[in-house]
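Chains, contacts and geometry: an overview
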Amino acid sequence: MGNTTDLKLSNIEGDEELTEEQKLKYVNVDGGKRCPFCGSLGVTCLYEKGQFVGDKDQGGLHLEIPSECPTCKKEWIDCFTLTDVREAPDHTEGD
Ligand SMILES: [Zn+2]
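What this report covers is the structure whose coordinates are included nearby. Within every chain, residues take consecutive numbers counted from 1 along the sequence as written. Given that this is a predicted model, residues contribute local features only at a pLDDT of at least 70 and side-chain atom pairs are listed and counted only at 80 or more, while totals for whole chains, interfaces and linings are drawn from all residues.

Moving on to the overall build of the chain. On a plain count of helices and strands, the chain comes out with 1 helix and 4 strands. Along its sequence from the N terminus, the chain presents helices and strands in the succession α-β-β-β-β. Taken over 95 residues, the chain has a buried fraction of 6%. Counting contacts in the chain only where the partners sit at least 6 residues apart, residues at least 24 apart contribute 33% of the total. Numbering goes from the N terminus for both helices and strands, where a helix is a DSSP run of H or I of at least four residues and a strand is a run of E of at least two. The burial criterion counts other C-beta atoms lying within 10 Å of a residue's C-beta, which is placed from the backbone; the residue is buried at 20 or more, exposed at 12 or fewer, and partly exposed between these limits. We call two residues in contact when their backbone-placed C-beta atoms lie within 7 Å.

As structure tokens, this is what we get:
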């Protein structure tokens, strides 16, 4: 008796995973520029550690780049998919 366990929503610190809402905001609103956990600017994207993963024969290849937040010390993986390619507009033939 006396044990209240209904405080789960009040504290999201810990090793829980990102919510779908946090992910969508990070990808579609913040464009990966803000920490998905604490919202801090100045996240560090470790491009040199990026690597392609998945099966290229099935079109599932994507680039994963680890990122970290110097503010809250969280780490996560940015997932990039190459969707298209086009010629650079200032690079014309016969130049
Ligand atoms: Zn953070």
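Structure's up, so let's keep going.
With that out of the way, let us pick up the pairing of strand E4 (residues 75-80). Little of E4 sits out of view: just 0 of its 6 residues are buried. In short, DSSP must find at least two bridges between two strands for them to pair. Summarising the sheet, strand E3 (residues 62-68) and E4 pair through 6 bridges and their orientation is antiparallel. Looking at E4, one finds that Ile65 is bridged to Asp78. Hairpin connection from E3 to E4: 6 residues lie between these consecutive antiparallel strands, with Lys73 at a positive phi of about 70°.

Below, the discussion takes up unusual backbone geometry. Its identity as a non-glycine residue notwithstanding, Lys73 has a phi of 70°, on the positive side. Within the secondary structure, Lys73 is located in the loop between E3 and E4.

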